[in-house]
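Per-entry structural report
This is what each chain is made of:
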Amino acid sequence: MSNTNCCTYSTLPKIPANLTTERIYTTKEAGEYLKVQPRTILSFITGDRPNKLRAAWIGRQWLVKESALRDFLTENERSESQIR
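Summarised in this report is the structure supplied together with it.

Parameters and conventions
- Residues numbered from 1 in each chain as written.
- Predicted model: local features only at pLDDT ≥ 70, side-chain atom pairs only at ≥ 80, totals over all residues.
- Heavy atoms only, no water.
- Phe/Tyr/Trp six-rings, centres within 6.5 Å; stacked < 30°, edge-to-face > 60°.
- Buried < 20%, exposed > 50% of the residue type's maximum accessible area, 1.4 Å probe, protein only.
- Core = buried A, V, L, I, M, F, W, Y, C linked by side-chain atoms within 4.5 Å.
- Helix = DSSP H or I, 4+ residues; strand = E, 2+ residues; numbered from the N terminus.
- Contact = heavy atoms within 4.5 Å.
- Salt bridge = Lys/Arg side-chain N within 4 Å of Asp/Glu carboxyl O.
- Arc of directions from axis to C-beta.

Okay, the packing of aromatic side chains next. In this structure the tally under the stated criterion is three aromatic pairs. With 5.3 Å between their ring centres and 55° between their planes, Tyr-25 and Tyr-33 make a pair best called tilted. The class of Tyr-25 is buried, set by a relative accessible area of 9%. When its relative accessible area of 31% is taken as the criterion, Tyr-33 is described as partly exposed. Geometrically, the ring pair formed by Trp-57 and Trp-62 is edge-to-face, given 5.4 Å between the ring centres and 70° between the ring planes.

Turning next to the nonpolar core. Within the largest apolar cluster, 11 residues are counted, these being Tyr-25, Ala-30, Leu-34, Ile-41, Phe-44, Ile-45, Leu-53, Val-64, Ala-68, Leu-69 and Phe-72. Looking at this core, the elements with two or more residues in it are helix 1 (27–34), helix 2 (38–46) and helix 3 (66–75). Setting aside chain neighbours within four positions, we find Val-64 in contact with Arg-23, Ile-24, Tyr-25, Ile-45, Leu-53, Arg-54, Ala-55 and Leu-69.

What follows deals with the pattern of salt bridges. Applying the stated criterion across every chain yields a total of three salt bridges. Between Asp-71 and Arg-54 there is a salt bridge whose closest N-O contact spans 2.6 Å. Remark: Arg-54 occurs in the loop between helix 2 and strand 2 (56–58) and Asp-71 occurs in helix 3; sequence separation between them is 17 residues. Judged by its relative accessible area of 35%, Asp-71 is partly exposed.

For the rest of this paragraph, the subject is helix 3. Along an α-helix, a turn takes 3.6 residues, which lines up residues three or four apart on a common side. Burial in helix 3 covers these residues: Glu-66, Ala-68, Leu-69 and Phe-72. Projected down its long axis, helix 3 carries its buried residues within an arc of 160°, all on one side. Against strand 1 (24–26), helix 1, helix 2 and strand 3 (61–65) lie the buried residues of helix 3.

On to the side chain of Glu-66. Checked against the element boundaries, Glu-66 lands in helix 3. Judged by relative accessible area, which is 18%, Glu-66 ranks as buried.

Right, let's talk about unusual backbone geometry for a bit. Located in the positive-phi region is Lys-35, a residue other than glycine, with phi close to 60°. Relative to the elements of secondary structure, Lys-35 occurs in the loop between helix 1 and helix 2. A relative accessible area of 74% places Lys-35 in the exposed class.

Written as structure tokens, this is what we have:
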């Protein structure tokens, strides 16, 4: 029997150039980022609203990119005239 380990790398594979390293948030972390409860984040993702929060269901949880949080904030900003 061989002593080589079939499932490990001696060096890590290179990350493709088109893949960016971006912060990924759970619903709890996204809630802390936006200062709302995690269940509010869930309603932003799954609720019936025109501008949903983009997220991916991976494993058993929703994951949200930092850029999706920023986009969501920008899309849902109200000008002062809309608030009054």
